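Fold and contact review
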Amino acid sequence: WNLEEGPDFKDAEILLEGKGIIKGDVEIHVCSGDWARHGHSKQKEYENVCLHVFMWNDRKDKYITIKNHQIPQLELHGYLKYELDKLVDMIDIEHYPHTGSANAGPCQKRLDIISHDDKWIGQFLDYAGDERVLIKADRIEKQLKLRTFEQVLYEAILESLGYKNNKEQFKRLGTLVTINEIKRLIPSDVSVDERSRKIQALLFGMSGLLPSQRPKYKSVKEKHALEYIADIELLWSEIRDDIKKNPMDGESWSFKYSRPGNYPTRRIAAISRLLAENYETGIFRVILRSLEKVDKNKSDLYQTTTIIKNIESLFLELYDSHWSYYYTFGGRRLKKRGRLIGKERASVMLINIIIPVLLVFARKKDNTELEERLFKVYKQHSRLSPNNITRFMGYRILGKDSQEGSVVNSARRQQGLLQIFKDFCESDDIACEKCVLLRSINSRQNK
């Protein structure tokens, strides 16, 4: 992915029918006519392009010509599996392969002219961060037309546990095994440990990840693992006939490029334990209680900090007698017991999932007190670990030598960076001159 001037991708290799392997660069556009509109035929940086890719062919040309060479084109629209609005929702911009640095944008250059005003920039990022939550809340509200709050929250947590490599797989699992299905198949009059094991059997079986479902699975020799596998396979066999849907293909799950703690097996164990521990009340109601039960005699800061701690502890205190010591069915046993969900993932779920879901609930119930508490949690939450986009945007807006941490000092402001990127910086259609941030800077400069 080329982050400098020139074609979008460098040094590609393409197998072209009749010509074999072709090497060169790839340029991406929305419409085929953007090639001419952007003047690429006259730019030296584009002389090595070997493929032009776009969504729609508005000029109906089969080729573009560079130095008398015909370059093939590819129109994507006819090959899309989903509608565009669904694809947009599926894109996780936080995992774009941007480097940790970027060239200064026009916004940074003009900020230098009027001198950095950290307070003003911070407020702008706050507004952008609020916009991001509202957009997420709007998407959740649409989902509620067909689902309950408990189901929506459950699916969102699953998706988040999938991280970037198994996001779609976990979404699929959440629709295959719904909360209602779990309630129907898993008894409530058993211990939490037994209930968790039964939910694991259900989710592992429907995900297709059980050893018996994977032909390529290597045999296990370790004693504890063998005992667990025998137990979980037996539990699955006992409930399999009560399920009408077919399990997923176990080979569709990705274990590559993931940290062991993010493996789908470990994540399924985590959601199983979370469901088992909050079985009677439900995850949604338990979280709602954490927001409603606060000591009003304490300061706002104490109340908010307590809410954050109580909600995140629901995820941080998940342990399992087996999976706290293993990452996979046949892996090596760990020496120390580990959490099933770490601090960073718990914080991400609070910011990206729990706050938007509860915000929709608060507004539907006209509960202004709950909405205010959610806002305080969002405002107060410390910033998360930076990702590619927040680093990229920090450099682009604030500069490499700026004290970025003093401005982007909260999760809310990090969300603001992500929203500005999504609305303006990632788009070829919207020039910097149309960016709300740049326009605001210009207004201050002209005063």
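Residues numbered from 1 in each chain as written. Predicted model: local features only at pLDDT ≥ 70, side-chain atom pairs only at ≥ 80, totals over all residues. Heavy atoms only, no water.

Concerning the overall build of the chain
A tally of helices and strands in the chain yields 18 helices and 5 strands. Considering only C-alpha atoms, the chain reaches an extent of 70 × 70 × 45 Å along its principal axes. For the chain, the share of sequence-separated contacts (at least 6 apart) that also reach a separation of at least 24 residues comes to 69%. Accessible surface computed for the chain: about 24,100 Å², of which carbon and sulfur atoms make up 48%. (Helix = DSSP H or I, 4+ residues; strand = E, 2+ residues; numbered from the N terminus. Contact = heavy atoms within 4.5 Å. Areas by Shrake-Rupley, 256 points an atom, 1.4 Å probe, with all protein chains shown as cover.)

Things to note about unusual backbone geometry
In the Ramachandran plot, D11 falls in the positive-phi region, its phi being about 55° despite a non-glycine side chain. If you trace the backbone, D11 turns up in strand β1 (residues 9–16). Within the chain, N68 stands out as a residue other than glycine whose phi angle is a positive 70°. Relative to the elements of secondary structure, N68 occurs in the loop between β4 (63–66) and β5 (69–75).

Remarks on the state of the cysteines
On inspection of all chains with the given rule, the structure shows 0 disulfides. Considering cysteine sulfurs only, C435 is the nearest to C107, which forms no disulfide, with 6.5 Å between them. The exposure class of C107 is buried, given its relative accessible area of 10%. Of all cysteine sulfurs, the one in C425 lies closest to C435, which takes part in no disulfide; the gap is 5.9 Å. (Disulfide = S-S within 2.5 Å. Buried < 20%, exposed > 50% of the residue type's maximum accessible area, 1.4 Å probe, protein only.)

A word on the pattern of salt bridges
Scanning all chains against the criterion turns up 23 salt bridges. Between K67 and E47 there is a salt bridge whose closest N-O contact spans 3.5 Å. Taken together, the residues K67 in the loop between β4 and β5 and E47 in the loop between α1 (34–37) and β3 (49–56) connect sequence positions 20 residues apart. Taking the relative accessible area as the measure of exposure, E47 reaches 38% and is therefore partly exposed. Note that K142 is salt-bridged to D138, the shortest N-O span being 3.7 Å. Note that K142 and D138 are positioned in helix α4 (residues 118–143) at a spacing of 4 residues, about one turn of the helix. A relative accessible area of 40% means that D138 is categorised as partly exposed. (Salt bridge = Lys/Arg side-chain N within 4 Å of Asp/Glu carboxyl O.)

A closer look at the side chain of D130
Mapped onto the elements of the fold, D130 is located in helix α4. Among the polar contacts made by the side chain of D130, one reaches the side chain of R412 at a distance of 2.8 Å. (Polar contact = N/O pair within 3.5 Å; in protein donor to acceptor, adjacent residues only side chain to side chain.)

Side note on the packing of aromatic side chains
All chains considered together, the criterion is met by 14 aromatic pairs. Geometrically, the ring pair formed by W120 and F124 is tilted, given 5.9 Å between the ring centres and 40° between the ring planes. Note that W120 and F124 are positioned in helix α4 at a spacing of 4 residues, about one turn of the helix. There is no split in this pair, since W120 and F124 are both buried. Taken together, a centroid distance of 5.2 Å and an interplanar angle of 75° make the contact between F284 and F361 edge-to-face. Residue F284 is found in helix α11 (residues 283–292), and its partner F361 is found in helix α13 (residues 343–364); the two are separated by 77 residues along the sequence. F361 carries the same exposure label as F284, and that label is buried. Through successive ring pairs, a cluster of aromatic residues spans F204, Y228, W323 and F329. Over the aromatic face of Y302 sits the side chain of K298, whose NZ or CZ is 5.2 Å from the ring centroid. (Phe/Tyr/Trp six-rings, centres within 6.5 Å; stacked < 30°, edge-to-face > 60°. Lys NZ or Arg CZ within 6 Å of the ring centre and 35° of its normal.)

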